[in-house]
Number of protein chains: 2
Amino acid sequence: MERVARRGEPTIAELGETAVLGRILPRLHAGDAALLGAGDDAAVVAAADGRFVVTTDLLVHGPDFRLAWSTPFELGWKAAATNLTDVAAMGARPTALVVALAAPPSTPVAVLEGIADGLREGLAALAPGAGVVGGDLSASTVLTIAVTAFGDLDDRAPVLRSGARVGDVLAHAGARGDAARGLALLFAEGTDASGQPDPDRAAEVRARHPELVRAQLAPQPPVAAGVAAALAGATAMIDVSDGLARDARRIAEASGVGLDFDGAALGADLRVAFAGAEDHGLLATFPPGTDVPAPFDVVGRVVPAPGEVLVDGRGIDAEGWDPYEGWDGRSG
Amino acid sequence: MERVARRGEPTIAELGETAVLGRILPRLHAGDAALLGAGDDAAVVAAADGRFVVTTDLLVHGPDFRLAWSTPFELGWKAAATNLTDVAAMGARPTALVVALAAPPSTPVAVLEGIADGLREGLAALAPGAGVVGGDLSASTVLTIAVTAFGDLDDRAPVLRSGARVGDVLAHAGARGDAARGLALLFAEGTDASGQPDPDRAAEVRARHPELVRAQLAPQPPVAAGVAAALAGATAMIDVSDGLARDARRIAEASGVGLDFDGAALGADLRVAFAGAEDHGLLATFPPGTDVPAPFDVVGRVVPAPGEVLVDGRGIDAEGWDPYEGWDGRSG
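Residues numbered from 1 in each chain as written. Chains lettered and ligands numbered in written order. Predicted model: local features only at pLDDT ≥ 70, side-chain atom pairs only at ≥ 80, totals over all residues. Heavy atoms only, no water.

To continue, consider helix α7 (residues 210-217) of chain A. For an α-helix, 3.6 residues make a turn, and residues three or four places apart therefore share a direction. Turning to α7(A), its buried residues number three or more, namely A:V213, A:A215, A:Q216 and A:L217. For α7(A), the secondary structure elements touched by its buried residues are α3 (72-88), α5 (178-189) and α6 (199-208) of chain A. (Buried < 20%, exposed > 50% of the residue type's maximum accessible area, 1.4 Å probe, protein only. Helix = DSSP H or I, 4+ residues; strand = E, 2+ residues; numbered from the N terminus. Contact = heavy atoms within 4.5 Å.)

What follows is the structure in structure tokens.
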């Protein structure tokens, strides 16, 4: 954390838990669904139709982000964005987050303030009306952000992975491979001679490829498209976080169908589109004849090939991302 | 983690994420409130009265637990217990948890199985009917358990910290200092010559003081007492996690009253009862004349001394626990 510390900037340990929370909480909004926000033993959140959607996810320094590459603002933004997309993939409207954060005592309080700003702005951009209703602050040697996100189905049934039917239209909303392209650029050109993530070299990559770097570090997933898909009658849907191949196969297996992509609809680099993780797009199926809502593109169809992912009728290998596959044990 | 690894026992990295989840999920129950459990992008949980209570907390290897002292089962149990008590302190009935876990790739899968078993049994003992509806598995250099817990108010108002009134009865349920006594014993006698936590010496402490060690490593907080207090008309309530002095002051400040304890009601060692953290008892106030429900004991009264904590009418210093105060940076 030395890199982000500046002269005179207090650390968490110097300020103490109460004062740190006093700096962070005013930066966050509790949102429209908060009946009781932070400050008591627990929060109380509205769930008007008698149910709530919930998903949880950890972002860990090292395997999930590098402080040489991401700003604190981007960490907060991405923590919000990835969880909001899981809520959206159920066809739900995000309502609230709780955020538990563990950080080394030497962490400058400014890092936590940046994370809070990123959470707030990510919510404002991607899920207006949703807010942060509570959290926790702990000590650790590793900066860790645990987000749990909630959503409201507004009396609709959830859109599951298991509802795709042969003959359905296959559609996708969001980036296809950009996050992986951005990460590959950072690994190739944002590192020093020893291969360690380097902030100055990363800044150069960012200047040359702002959109791809942003797709990796502060993605803009199509959160509102989740509700739009549900309203249009989507039969199945998934957040594409581990690559199109792996996540398409999850729908194919859960639904007992095949998903056949049109190669021409996916752009020039099929390999990156299928294997590239962290795009956080939405892959959905709709009944035949559906006028799929923007920003979904029709990218294929559902066919009778249980558990299979195909391109132009030919099977492909499932490739994707496993949290224990790619990490070299370093942080950076 | 070497200590818990045994010959032939696979690690998370060896087994891979999918197979690890295949071993863990069957050990958990989704519970009565789960409308949709683990396996899709998010879970769906019942919230019959149109609201849900939510709290989140991180347990981190090092500052929050030592693997030389806690078994994986105890880690899971404690992760459930501490969060369930926060739900109980609102006067709510716990319904569900989500659990995000980050672990080194070298962690034996048996450690995660033990944590899952502890979560399941902790829920069964402390909040029958509640279950684990979802989770996340990530990589980290530090074993980290993030639990988010939910509860149902069953059409009642939440019991806040701010509702105590002068003249109310002050009552407490649960242990008073036992968790701190257990931790002090482990630090004094469960360490080797260099001060490092030692499993063999901890086993000896455990044999000599099973109840105090258990109060620290696998506490049994009075979770059901939260609803009982609400039904009896509790005006304020808090989970005593940071010591009776610090948490009593939180009620005193939020309510603008003083809390005057009867010294004789608190047992022999007032210092430990007031300063000792992690008991996870419930401190509540009730209208005058209330027949306080078991297992609450009357321990004092609410007096007109805004923000003050007193014993037999005399003020005491607030002491308690700050996550950044006590940690020496080591794990063990």
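Residue and element names in this part refer to chain B. Burial of strand β4 (residues 93-103) is extensive: 10 of the 11 residues sit out of reach of the surface. Two elements, β4 and strand β6 (residues 144-152), share 9 bridges in a ladder whose sense is antiparallel. The residue bridging A100 from the neighbouring strand is A146, located in β6. Sheet analysis places β4 next to strand β5 (residues 131-139), joined by 8 bridges and oriented parallel. From the neighbouring strand, A103 faces β5, where its bridge partner is A139. Considered for its hand, the β-α-β crossover made up of β4, helix α4 (residues 109-126) and β5 is right-handed. (Pairing = 2+ DSSP bridges. Right-handed = clockwise from strand over helix to strand, strands pointing away.)

Right, let's get into the nonpolar core. Counting 59 residues, the largest nonpolar core has B:L97, B:L112, B:I145 and B:F296 as the members making the most contacts within it. Counting residues in hydrophobic clusters, the runner-up holds 58 residues, among them A:M90, A:L97, A:A149 and A:F286. (Core = buried A, V, L, I, M, F, W, Y, C linked by side-chain atoms within 4.5 Å.)

A word on the confidence of the model for chain A. Residue and element names in this part refer to chain A. The predicted model of chain A averages 93 in pLDDT, with 94% of residues at 70 or higher. Scored below 50 in pLDDT, residues 1-5 shows 12 contacts in the model against residues more than four places distant or in partner chains. Note on the complex model: pTM 0.93, ipTM 0.93. (pLDDT = per-residue confidence, 0-100.)

Residue and element names in this part refer to chain A. As for its placement among the helices and strands, T82 is situated in helix α3. For T82, a relative accessible area of 5% corresponds to the buried category. Not counting residues up to four positions away in its chain, the partners in contact with T82 are D57, D239 and H280.

This part covers the packing of aromatic side chains. The full count for this structure, using the stated rule, is 14 aromatic pairs over all chains. Between the aromatic rings of A:F286 and A:F296, the centroid separation amounts to 5.5 Å while the plane-to-plane angle is 80 degrees, which identifies the pairing as edge-to-face. A residue pair is termed long-range when its members are at least 10 positions apart, and A:F286 in strand β10 (residues 281-286) and A:F296 in the loop between β10 and β11 (297-303) qualify at 10 residues. Neither residue differs from the other here; A:F286 and A:F296 are each classed as buried. Measuring from centroid to centroid gives 6.0 Å for B:F52 and B:F150, while their planes differ by 75 degrees, and the two rings are edge-to-face. Of this pair, B:F52 sits in strand β3 (residues 51-60) while B:F150 sits in strand β6, and the two are 98 residues apart along the sequence. Above the plane of the ring of A:W77 lies A:R214, whose end atom (NZ or CZ) is 5.8 Å from the centre. (Phe/Tyr/Trp six-rings, centres within 6.5 Å; stacked < 30°, edge-to-face > 60°. Lys NZ or Arg CZ within 6 Å of the ring centre and 35° of its normal.)

All names here are of chain A. Taking strand neighbours across the sheet as the criterion, the 7 strands line up as β8-β10-β7-β11-β9-β12-β13 in an open arrangement whose pairing is mixed. Looking along the sheet, the strands with just one partner apiece sit at the ends: β8 (236-240) and β13 (314-315). Two elements, strand β7 (residues 169-173) and β11, share 4 bridges in a ladder whose sense is antiparallel. Following the sheet pairing, L170 is matched in β11 by G300. Contacting β7, β8 and β10, helix α8 (residues 224-231) runs over the sheet at an angle of about 5 degrees to β10. Packed on one face of the sheet, helix α9 (residues 244-255) meets β7, β8, β9 (258-261), β10 and β12 (309-311) and runs near 155 degrees to β8. (Axes fitted to C-alpha atoms, helices over the stretch in contact; angles between N-to-C directions.)

Our focus in this paragraph is the interface of chain B and chain A. Often, the extent of an interface is quoted as the loss of accessible area on bringing the components together. Facing the 63 residues of chain B at the interface are 63 residues of chain A. When the two sides are added together, the surface that chain B and chain A hide from each other amounts to roughly 4900 Å², 64% of it contributed by carbon and sulfur. If you look at where chain B meets chain A, you find 4 salt bridges. For the pair chain B and chain A, the interface holds 19 residue pairs in polar contact (both at pLDDT 80 or more). Going through the elements one at a time, β1 (34-36), β2 (43-46), β3, β4, β5, β6 and β8 (236-240) of chain B are the ones with two or more residues in the side of chain B that touches chain A. For the side of chain B that touches chain A, the element with the highest residue contribution is β3(B), accounting for 9 residues. Considered class by class, the residues forming the side of chain B that touches chain A number 41 nonpolar, 12 polar and 10 charged. Examined bridge by bridge, strand β3 (residues 51-60) of chain A and β2(B) share 4 bridges and lie antiparallel to one another. Across the sheet, the residue bridging to A:V53 is B:V44, located in β2(B). (Buried area = accessible area lost by both parts, 1.4 Å probe. Salt bridge = Lys/Arg side-chain N within 4 Å of Asp/Glu carboxyl O. Polar contact = N/O pair within 3.5 Å; in protein donor to acceptor, adjacent residues only side chain to side chain. Nonpolar A, V, L, I, M, F, W, Y, C, P; charged D, E, K, R; others polar.)

Here the focus is the packing of α5(A) against α7(A). Residue and element names in this part refer to chain A. The geometry of α5 relative to α7 is characterised by a closest axis approach of 7 Å and an angle of 105 degrees between their N-to-C directions. It follows from the interaxial angle that α5 and α7 lie roughly perpendicular. Contacts from D178, A179, R181, G182, L183, L185 and L186 in α5 reach L212, V213, A215, Q216 and L217 in α7. The class makeup of the residues in the contact of α5 with α7 is 8 nonpolar, 2 polar and 2 charged. (Parallel < 35°, antiparallel > 145°, perpendicular 65-115°, else oblique.)

With that settled, consider the sheet that holds β6(B). With mixed pairing, the 6 strands of this open sheet are ordered in space as β1(A)-β2(A)-β3(B)-β6(B)-β4(B)-β5(B). Because the sheet does not close on itself, it has two edges, and the strands there are β1 (34-36) of chain A together with β5 of chain B. On average, adjacent strands in this sheet sit at an angle of 25 degrees to one another, irrespective of strand direction.

Moving on, we come to the pattern of salt bridges. Summed over the entire model, instances satisfying the criterion amount to 38 salt bridges over all chains. A salt bridge links B:R51 to B:D49; the shortest N-O distance between them is 2.6 Å. Just as B:R51 is buried, B:D49 falls in that class too. What you see here is one network of salt bridges that share partners, running through A:R23, A:R27, A:E113, A:D117, A:R120 and A:E121.

It is worth spelling out unusual backbone geometry at this point. Here A:A294 and A:P295 are connected by a cis peptide whose omega angle stands at 0 degrees. Of note in the backbone geometry, B:D155 takes a positive phi value of approximately 75 degrees without being a glycine. Despite not being glycine, B:H280 shows a phi value in the positive range, around 55 degrees. Looking at the element boundaries, B:H280 is found in the loop between α10 (270-275) and β10 (281-286). In this structure B:H280 comes out as buried when scored by relative accessible area, which is 5%.

This paragraph deals with the environment of B:S138. All names here are of chain B. With respect to the helices, strands and loops of the structure, S138 is situated in strand β5. On the accessibility criterion, S138 (4% relative accessible area) is buried. Note: C-alpha distance between S138 and H280 (142 residues apart in sequence) is 28 Å. At a separation of 3.1 Å, a polar atom in the side chain of S138 contacts the side chain of D136.

For these two chains of identical sequence, chain B goes onto chain A by a turn of 180 degrees and a shift of 0.0 Å along the axis, with RMSD 0.0 Å. Viewed as a symmetry operation, the transformation between the two copies matches a two-fold axis. In terms of C-alpha distance to the rotation axis, chain B has B:G50 as its closest residue, with the C-alpha 2.3 Å off the axis. Of all interface residues in chain B, 100% are interface residues in chain A too; the two copies therefore contact each other through one and the same surface. (Least-squares fit on C-alpha atoms with pLDDT ≥ 70 in both.)

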